[in-house]
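What follows is the residue order along each chain.
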Amino acid sequence: MDKFVINGPCTLRGAVEISGAKNAVLPLMAAALLTRGKSVIENVPNLRDVSTMMRLLGILGAEVEFEKGVITIDTTRLTSFEAPYDLVRTMRASIYVLGPLVAAHREARVSMPGGCAWGPRPIDLHLMALERLGAKITFEHGYINAAARRLKGAEVVFPISSVGATAQALMASVLAKGVTVLKNSALEPEIVELAKALRSAGAEIEGLGSSTMTVTGVETIDPFRYRVMPDRIEAGTFAAAAAATAGRVRITKCAPAHLGAVLDALKVCGAKIDIDEDNIDVQGPDRVEPVHVVTREYPGFPTDMQAQMMAVLCRAKGTSTVKDTIYPDRFTHVPELRRLAANIRLDGNLAVINGVRGLEGAPVMATDIRASSALIIGALMAKGRTEILRVYHIDRGYETIEKKLRKLGADIQRVSD
Ligand code: UD1
């Protein structure tokens, strides 16, 4: 298992290029199952989650190639409709194959994802949406079976906004007979991206970017070629790291328009931020000002940036708070940041961060993707040596993060045990 060794503190300086968006690529890869033939996705980051999804598509019989950021998925000869436990347990997004398989092939069998590091993360809304579209859902030996002759358009009302359930319903409904109306659907840019890709393949979807999407089902959709948008969370993470280290960083090839709430919070922290269409310039303050952050659905502050923001606030000039309303248990980074001498108190889904003058390097453990990047930010601020164990979590979601950070002047090494 690899670990990162970081010697701090450091001030990040220079330019960093943002990779394609993991959370947009994964549903797009699953959406290829709706088509018969060769789909091509460009600007794909080389991440562990992407290789997991490649393996899953391979098990289903698709021929998948990944070269220089371009994935080709040939679904001409699928041989199986089952996503096994071994893969699903390592990546919850495997559940995305359920809707496309039942829509295009009338049957699917996907292992139930099980628990994760932060909270139960149910999939009831995915299943509710598929049932509304006429799929028969049954459970057997830890697997979900979905079956349908042909899905039928319906009104699907999500009681809460869910990125995954919206993507699932959208993918399934494009081949359903008749009209589907998705109400209270998620507004996240990754959903708009999926809808755009499906439209480019011949799907009929209206209301992109709004909370009501209307899908008129078609008989078939074509294989597609789609260039995926930049990763807003990776861009936000580098912006946070620049702010935390009093750095001066140009974040290139990103989509600043997707990062409004994050950049606003960093501005309250005292960062100077300039944007143009696809770059963000961040100049961190000498000492961060406190801020109060509450995570919300897009366009609110993303839960996927909560941990990184908390790391920034560890050295603020006073007391800050971070409240997670999306995942109330998503605080596994807190005890680890405390090991770096941060002063954080948890009260339910509210973290109270009393800024300290300096952090201290220590061995810490990565527990999930974003918690891990928060630890990297902490280590960059901390005096001395920090070892971050279990970096495979980081490799799930950040492409060559250590190389990108080294280019910005960080002293970070990957060490293989
Ligand atoms: C996606 C992202 C994840 C991000 C999250 C919230 C991917 C692969 N992952 O996860 O990085 O943190 O959005 O922005 O894109 N819920 C239910 N029942 C369901 C589904 C969700 O109750 O069937 C709840 C969840 O527990 C949570 C809320 O809905 O409280 C939002 O979760 P959701 O948007 O579905 O997250 P994911 O799609 O799993």
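This structure is a prediction, so every number in the text was calculated from the model and none was measured. (Residues numbered from 1 in each chain as written. Predicted model: local features only at pLDDT ≥ 70, side-chain atom pairs only at ≥ 80, totals over all residues. Heavy atoms only, no water.)

Colleague: Teacher, can you tell me more about unusual backbone geometry here?
Modeller: Negative phi values dominate among residues other than glycine, just as trans dominates among peptide bonds. A cis amide bond links Gly 8 to the next residue, Pro 9, at an omega of 0°. Residue position: Pro 9 is located in the loop between β1 (2–8) and β2 (13–17). Cis geometry is adopted by the peptide bond preceding Pro 299, which originates at Tyr 298 and carries an omega value of 10°. Structurally, the position occupied by Pro 299 is in the loop between β18 (292–295) and α10 (306–313). Phi is positive for Arg 390, close to 60°, though the residue is something other than glycine. Inspection of the secondary structure assignment puts Arg 390 in the loop between β23 (384–389) and α13 (392–397). (Helix = DSSP H or I, 4+ residues; strand = E, 2+ residues; numbered from the N terminus.)

Colleague: Would you take a moment to explain the domain arrangement of the chain for this structure?
Modeller: Many descriptions give the size of an interface as the accessible area lost when the pieces come together. Examined at the domain level, the chain breaks down into domain 1 (2–19 + 230–416) and domain 2 (22–227). In this structure, domain 1 and domain 2 have C-alpha centres spaced 30 Å apart. Taken together, the contacts link 21 residues of domain 1 with 20 residues of domain 2. Of the roughly 1,800 Å² buried at the junction of domain 1 and domain 2 (both faces included), carbon and sulfur atoms supply 54%. The interface formed by domain 1 and domain 2 includes two salt bridges. The partner of Glu 190 in a salt bridge is Arg 232, with the nearest N and O atoms 2.8 Å apart. Where domain 1 meets domain 2, there are six residue pairs in polar contact (both at pLDDT 80 or more). Looking at the side of domain 1 that touches domain 2, the elements with two or more residues in it are α12 (369–381) and α13. (Domains from an automatic or database assignment. Contact = heavy atoms within 4.5 Å. Buried area = accessible area lost by both parts, 1.4 Å probe. Salt bridge = Lys/Arg side-chain N within 4 Å of Asp/Glu carboxyl O. Polar contact = N/O pair within 3.5 Å; in protein donor to acceptor, adjacent residues only side chain to side chain.)

Colleague: Honestly, the packing of aromatic side chains in this entry has me stumped. Any pointers?
Modeller: For any two aromatic rings, the description comes down to two numbers: the centre-to-centre distance and the angle of the planes. Inspection of every chain in the model, using the stated rule, returns zero aromatic pairs. In this arrangement the basic side chain of Arg 89 is found over the ring face of Tyr 85, its NZ or CZ atom lying 5.8 Å from the centre. (Phe/Tyr/Trp six-rings, centres within 6.5 Å; stacked < 30°, edge-to-face > 60°. Lys NZ or Arg CZ within 6 Å of the ring centre and 35° of its normal.)

Colleague: Explain the packing of helix α5 (residues 124–132) against helix α6 (residues 163–173) here, please?
Modeller: Taken N-terminus to C-terminus, the directions of α5 and α6 make an angle of 25°; their axes are 8 Å apart at the nearest point. With respect to α6, the element α5 is oriented roughly parallel. Of the two elements, α5 crosses α6, and the hand of that crossing is right-handed. Contact residues: α5 offers Leu 125, His 126, Ala 129 and Leu 130, while α6 offers Gly 164, Ala 165, Gln 168, Ala 169 and Ala 172. Of the residues contributing to the contact of α5 with α6, the split by class is six nonpolar, three polar and no charged. (Axes fitted to C-alpha atoms, helices over the stretch in contact; angles between N-to-C directions. Parallel < 35°, antiparallel > 145°, perpendicular 65-115°, else oblique. Left-handed = near helix turned anticlockwise from the far one by under 90°. Nonpolar A, V, L, I, M, F, W, Y, C, P; charged D, E, K, R; others polar.)

Colleague: Please clarify how the site of the ligand should be interpreted in this entry.
Modeller: Taken together, 17 residues are adjacent to the ligand, and Asp 124, Leu 125, Ser 162, Asp 304 and Ile 326 come closest. Between the ligand and Asp 124, the relevant distance is 2.7 Å, taken from a nitrogen atom to a side-chain nitrogen or oxygen of the residue. One of the side-chain N or O atoms of Tyr 327 is found 2.8 Å from an oxygen atom in the ligand. When the free accessible area of the ligand is taken as 730 Å², the share hidden by the protein chains comes to 83%. Mapped onto the shell around the ligand, the elements with two or more residues apiece are α5 and α6. For the shell around the ligand, the leading source of residues is α5, giving three residues. Shared between two domains, the shell around the ligand holds at least three residues of each, these being domain 1 (2–19 + 230–416) and domain 2 (22–227). (Near = heavy atom within 4 Å. Areas by Shrake-Rupley, 256 points an atom, 1.4 Å probe, with all protein chains shown as cover.)

Colleague: How should I be thinking about the environment of Phe 301 in this particular structure?
Modeller: As for its position among the elements, Phe 301 is in the loop between β18 and α10. Considering only alpha carbons, one finds Phe 301 and Ala 265, 36 residues apart in sequence, at a separation of 8.4 Å. If sequence neighbours within four positions are ignored, Phe 301 has contacts with Ala 261, Val 262, Ala 265, Val 293, Val 294, Thr 295, Arg 296, Gln 306 and Met 309.

Colleague: Before we go on, may I ask you to explain a positive patch on the surface in this structure?
Modeller: Residues Arg 106, Arg 149, Lys 152 and Lys 177 make up a contiguous surface patch of positive charge. Mapped onto the secondary structure, Lys 152 falls in the loop between β9 (143–147) and β10 (155–157). Among the residues examined, Lys 152 registers a relative accessible area of 54% and is labelled exposed. (Patch = residues over 30% accessible without salt bridge, like charges linked within 9 Å, V, L, I, M, F, W, Y side chains within 5 Å. Lys, Arg positive; Asp, Glu negative; His and termini not counted. Charge placed at Lys NZ, Arg CZ, Asp CG, Glu CD. Buried < 20%, exposed > 50% of the residue type's maximum accessible area, 1.4 Å probe, protein only.)

Colleague: Whenever I open this one, the nonpolar core confuses me. Can you help?
Modeller: Note on soluble globular proteins: their nonpolar side chains tend to be buried together. Counting 80 residues, the largest nonpolar core has Met 29, Val 97 and Leu 198 as its most contacted members. Ranked by residue count, the leading element in this core is helix α1 (residues 22–31), at seven residues. Discounting chain neighbours no more than four positions away, the residues touching Leu 198 are Ala 31, Leu 34, Leu 170, Met 171, Val 174, Ala 203, Ile 205 and Ile 221. Core analysis: the next-biggest nonpolar cluster, separate from the first, contains 73 residues, Phe 4, Leu 340, Leu 380 and Ala 410 among them. (Core = buried A, V, L, I, M, F, W, Y, C linked by side-chain atoms within 4.5 Å.)

Colleague: Mind showing me how you'd approach the sheet that holds β2 here?
Modeller: Taken in spatial order, the four strands line up as β2-β15-β17-β16 in an open sheet, and their pairing is mixed. Strands at the two margins of the open sheet, each flanked by one partner only, are β2 and β16 (272–275). Across the sheet, the mean angle separating the axes of adjacent strands is 15° when strand polarity is ignored. As defined by bridge partners, strand β15 (residues 248–252) adjoins strand β17 (residues 280–283) across four bridges and the pair is classed as antiparallel. Along β17, the bridge assignment pairs Arg 250 with Asp 281. (Pairing = 2+ DSSP bridges.)

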